[in-house]
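Close look at the chain arrangement
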Amino acid sequence: MIVIDAASPVPPFEQLRAQLARQIQDRTLAVGTRLPAIRRLAADLGLAANTVGRAYRELEEAGLIETRGAAGSYVSAAGEKGRERARRAAAEYAAVIARAGIGTDEALRIVRAALADGTAG
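Residues numbered from 1 in each chain as written. Predicted model: local features only at pLDDT ≥ 70, side-chain atom pairs only at ≥ 80, totals over all residues. Heavy atoms only, no water.

An unreviewed UniProt entry lists the protein under the name GntR family transcriptional regulator, from Streptomyces chrestomyceticus.

Dropping the structure here:
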């Protein structure tokens, strides 16, 4: 269920994007699930179609959904593939850390620093 808080300082498109992303990531919305049409969801939520369209575009750019033209938008399998790549990379990183004799706390600091300064992307 999507809830848009009109009193929130967070823009409606971002509220929608974040809620859909969370539902995709926690698998409430499974891979292959068809999302509501933009105009229908906009009407259901009392939003402008452009607001919903922006949220969908950002989800598509993040690889969480894919749009198949007139067939609609669907939860993408790319998110699952990305998770699997991340798990493999984490296992490889853990092996490197173990061989280097670096402790868990320091290894986590290294990852946090890479994420914070953008070198992880």
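**Observations regarding the side chain of Q23**
Along the chain, Q23 turns up in helix α1 (residues 12-25). For Q23, a relative accessible area of 14% corresponds to the buried category. Contact partners of Q23, with chain neighbours within four places excluded, come to M1, I2, T28 and L29. (Helix = DSSP H or I, 4+ residues; strand = E, 2+ residues; numbered from the N terminus. Buried < 20%, exposed > 50% of the residue type's maximum accessible area, 1.4 Å probe, protein only. Contact = heavy atoms within 4.5 Å.)

**Quick look at the pattern of salt bridges**
On inspection of all chains with the given rule, the structure shows four salt bridges. The salt bridge partner of D44 is R40, with a shortest N-O separation of 3.9 Å. With D44 and R40 both in helix α2 (residues 38-45), this residue pair falls four residues apart, about one helical turn. (Salt bridge = Lys/Arg side-chain N within 4 Å of Asp/Glu carboxyl O.)

**A closer look at the side chain of Q19**
Inspection of the secondary structure puts Q19 in helix α1. In this structure the side chain of Q19 is engaged in a polar contact, spanning 2.6 Å, whose partner is the backbone oxygen of V3. The contacts of Q19, once residues within four sequence positions are left out, are M1, I2, V3 and I4. (Polar contact = N/O pair within 3.5 Å; in protein donor to acceptor, adjacent residues only side chain to side chain.)

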